[in-house]
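Here's the letter readout for the chains.
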Amino acid sequence: MRGLPVRFDGVSKRYGAVTALHPTYLSVATGEFFALLGPSGSGKSTLLGTIAGFVSPSSGRVLIGGTDVTSVPPHRRNIGMVFQNYALFPYLTVAKNIAFPLEMRRLPRRDVTARTKRILEIVRLQGFEDRLPGQLSGGQQQRVALARAAVYDPPLLLMDEPLGALDKNLREEMQEEIRQFHRSIGTTILYVTHDQQEAASMADRIAIMNHGRLEQLGPPRQLYEAPVSPFVATFLGEANLFHVSGHRCGRNDTREGLCISGPLSTGVVCLRPENILVAGEPLPYPNSFPGTVIDVTYNAGYVRYRVDVVQGPTVTARVPALRGEVPFPSGAAVHVGWSTDEMLILPAEPQGASQ
């Protein structure tokens with residue numbers, strides 16, 4: 001199977017006076033795993049709907065493999081779809097559910113059998129051919145849905161919140177399943193989610209949507225380390241944000257009392273929790289402040305502190321939980337500090353996304 005590139009050329013959608021999607025220009029490469037990430041109402045599902053053919057854009061064009069499909073009905077676009085509720089036929093076996101798209105295309109019985117067997121091996125469901133969906137776990141049902149969407153070799157797979165109905169552990173397991181599935185079939189995938197961890201762990205690139213606009217586009221690590229706006233910084237990962245206006249490092253006279261490396265007139269300083277140190281004594285940084293721990297939690301090898309800084313903001317720090325080390329309890333007097341090199345300077349308003 002080989003994927004095709006996708007391009008949104010000024011695609012927008014209006015419902016009367018409401019603009020659900022502002023003009024969007026976006027290109028997805030052949031075989032890319034591309035995620036659309038954003039909160040409810042951000043426009044990500046509307047954008048996905050325009051390429052599926054379920055939403056007719058108010059302006060612009062949708063191109064698949066260089067062909068304009070804007071006016072092509074959904075059933076003629078040869079696109080695979082995977083939904084959150086799986087949409088399996090409850091009274092058909094696993095094999096018959098998967099074979100259904102092939103039979104609708106009137107493929108010879110020999111081809112139907114061969115393709116069904118091949119895709120069952122890819123999703124590791126050999127031996128489940130004769131089971132009904134109700135006899136499967138949630139993860140197994142999701143794999144059947146993936147197999148059915150891909151069995152006829154569509155050049156493009158659309159996935160709309162496909163893991164939303166699963167519990168946390170199963171979601172994490174299925175994320176790796178879908179990544180392996182993508183590597184096996186090589187098609188282009190557009191994946192809609194509001195889960196930042198899900199998008200970051202699976203996608204080659206992410207488009208972050210906000211209020212019907214494309215706010216930033218890039219690989220997950222780039223978006224995390226170089227966000228263009230406070231919204232992106234807080235939506236993809238956790239961030240401490242400080243609004244500042246002018247500074248002189250020697251006198252420490254920013255609005256928040258921060259020392260910043262380099263010139264700054266007005267903007268927002270972003271500091272990731274893992275870049276803040278917590279100690280029982282002053283730290284050897286220009287930014288070192290006394291404070292009080294107001295909350296402490298342990299999570300997967302890290303201790304997360306919320307510290308009320310004296311005459312300053314409340315900051316969140318995340319530090320490794322070392323074996324045998326007792327974390328500072330709630331109410332403890334501590335110092336927090338960080339290097340000026342770890343501070344990201346963001347504009348107050350986003351600068352726009354690039355393709």
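Relevant structure appears above.
The paragraphs below set out a description of the structure included in this document. Small disclaimer: the values here were computed from a predicted structure and weren't measured.

**Digging into the overall build of the protein**
Argument step 1. Check the secondary structure of the protein and you find 8 helices and 18 strands.
Argument step 2. Overall size of the protein, expressed as C-alpha extent along the three principal axes, is 80 × 50 × 30 Å.
Argument step 3. Per-residue burial over the protein gives 48% buried out of 355 residues.
Argument step 4. Taking as baseline every contact in the protein between residues at least 6 positions apart, the subset at least 24 positions apart corresponds to 67%.
Argument step 5. Here the protein has roughly 17,000 Å² of accessible surface; of this, 50% comes from carbon and sulfur atoms.
Argument step 6. Charged side chains in the protein number 35 positive and 32 negative. The centres of these two groups are separated by 9 Å.

**Examining the packing of helix α4 (residues 138–150) against helix α5 (residues 168–185)**
The angle between the axes and the distance between the axes are what describe a pair of packed helices.
Argument step 1. Interhelical geometry of α4 versus α5 gives an angle of 25 degrees and a closest axis separation of 11 Å. Here α5 runs roughly parallel to α4, going by the angle between their axes. Seen from above, α4 lies across α5 with right-handed handedness. Between α4 and α5, the residues in contact are G138, G139, Q142, R143, L146 and A150 and L170, M174, E177, I178, F181 and I185, respectively.
Argument step 2. Across the contact of α4 with α5, the residue classes tally to 7 nonpolar, 3 polar and 2 charged.

**Observations regarding unusual backbone geometry**
Argument step 1. Within the chain, R124 stands out as a residue other than glycine whose phi angle is a positive 55 degrees.
Argument step 2. Its location among the elements puts R124 in the loop between α3 (109–122) and α4.
Argument step 3. A positive phi is found at D153, a non-glycine position, where the angle reads about 60 degrees.
Argument step 4. Secondary-structure assignment places D153 in the loop between α4 and β7 (156–160).
Argument step 5. Given a relative accessible area of 29%, D153 falls into the partly exposed group.

**A few points about the environment of Q197**
Argument step 1. Residue position: Q197 is located in helix α6 (residues 196–202).
Argument step 2. Reaching out from Q197, the side chain makes a polar contact with the side chain of Q175 at a distance of 3.3 Å.

**Brief notes about the layout of surface pockets**
Argument step 1. In this structure, the largest pocket occupies an estimated 570 Å³ of space.
Argument step 2. Mapped onto the lining of the largest pocket, the elements with two or more residues apiece are β6 (79–82), α2 (94–104) and α4.
Argument step 3. Counted by class, the lining of the largest pocket contains 16 nonpolar, 3 polar and 2 charged residues.
Argument step 4. Approximately 330 Å³ is the volume attributed to the second largest pocket.
Argument step 5. In terms of lining, the second largest pocket is formed by 13 residues, of which the most central are E172, D195, Q196, Q197 and A200.
Argument step 6. If you list the elements that add at least two residues to the lining of the second largest pocket, you get α5, α6 and α7 (220–225).
Argument step 7. Class assignment of the residues belonging to the lining of the second largest pocket gives a composition of 4 nonpolar, 5 polar and 4 charged.

**Some thoughts on the sheet that holds β7**
Argument step 1. Sheet architecture is open: 6 strands sit in the order β6-β7-β8-β3-β9-β10, paired in mixed fashion. At either end of the open sheet lies a strand with only one pairing partner, and these are β6 and β10 (213–218). The sheet shows a mean angle of 20 degrees between the axes of neighbouring strands, taken without regard to direction.
Argument step 2. Bridging between β6 and β7 involves 4 bridges; their strand directions are parallel. Counterpart to M81 in the pairing with β7 is L158.
Argument step 3. Running over the sheet, helix α1 (residues 44–52) touches β3 (33–37), β6, β7, β8 (188–193) and β9 (205–210) and is turned about 145 degrees from β7.

**Points about the pairing of strand β2 (residues 18–28)**
Argument step 1. Note that strand β1 (residues 6–15) and β2 share 8 bridges and pair antiparallel. Bridging across to β2, F8 finds its partner in L26.
Argument step 2. Hairpin connection of β1 to β2: 2 residues between the antiparallel strands, including G16 at a positive phi of 65 degrees.

**Examining the packing of α2 against α4**
Argument step 1. Axis separation between α2 and α4 bottoms out at 7 Å; the angle between their running directions is 30 degrees. Classified by the angle their axes make, α2 and α4 are roughly parallel. Crossing handedness for the pair α2 and α4: right-handed. Where α2 approaches α4, its residues V94, N97, I98 and P101 are matched on the opposing element by V144, A147 and R148.
Argument step 2. Along the lines of polarity and charge, the residues of the contact of α2 with α4 split into 5 nonpolar, 1 polar and 1 charged.

**Looking at the sheet that holds β1**
Argument step 1. What the 4 strands build is an open sheet, ordered β2-β1-β4-β5; its pairing is antiparallel. Strands with a single pairing partner mark the edges of an open sheet, and in this sheet they are β2 and β5 (67–68).
Argument step 2. In this structure, strand β4 (residues 59–64) lies alongside β5, joined through 2 bridges in antiparallel fashion. Residue pairing for β5: L63 is matched across the bridge by D68.
Argument step 3. Across the face of the sheet, α1 comes into contact with β1, β2 and β4 while running at roughly 115 degrees to β1.

Thresholds, definitions, all that
Residues numbered from 1 in each chain as written. Predicted model: local features only at pLDDT ≥ 70, side-chain atom pairs only at ≥ 80, totals over all residues. Heavy atoms only, no water. Helix = DSSP H or I, 4+ residues; strand = E, 2+ residues; numbered from the N terminus. Buried < 20%, exposed > 50% of the residue type's maximum accessible area, 1.4 Å probe, protein only. Contact = heavy atoms within 4.5 Å. Areas by Shrake-Rupley, 256 points an atom, 1.4 Å probe, with all protein chains shown as cover. Lys, Arg positive; Asp, Glu negative; His and termini not counted. Charge placed at Lys NZ, Arg CZ, Asp CG, Glu CD. Axes fitted to C-alpha atoms, helices over the stretch in contact; angles between N-to-C directions. Parallel < 35°, antiparallel > 145°, perpendicular 65-115°, else oblique. Left-handed = near helix turned anticlockwise from the far one by under 90°. Nonpolar A, V, L, I, M, F, W, Y, C, P; charged D, E, K, R; others polar. Polar contact = N/O pair within 3.5 Å; in protein donor to acceptor, adjacent residues only side chain to side chain. 1 Å grid on protein atoms, 1.4 Å probe; cavity = no way out; pocket = protein on both sides within 12 Å on 5 of 7 lines; lining within 4 Å. Points joined across faces, edges and corners; volume = space filled by probe spheres on them. Pairing = 2+ DSSP bridges.

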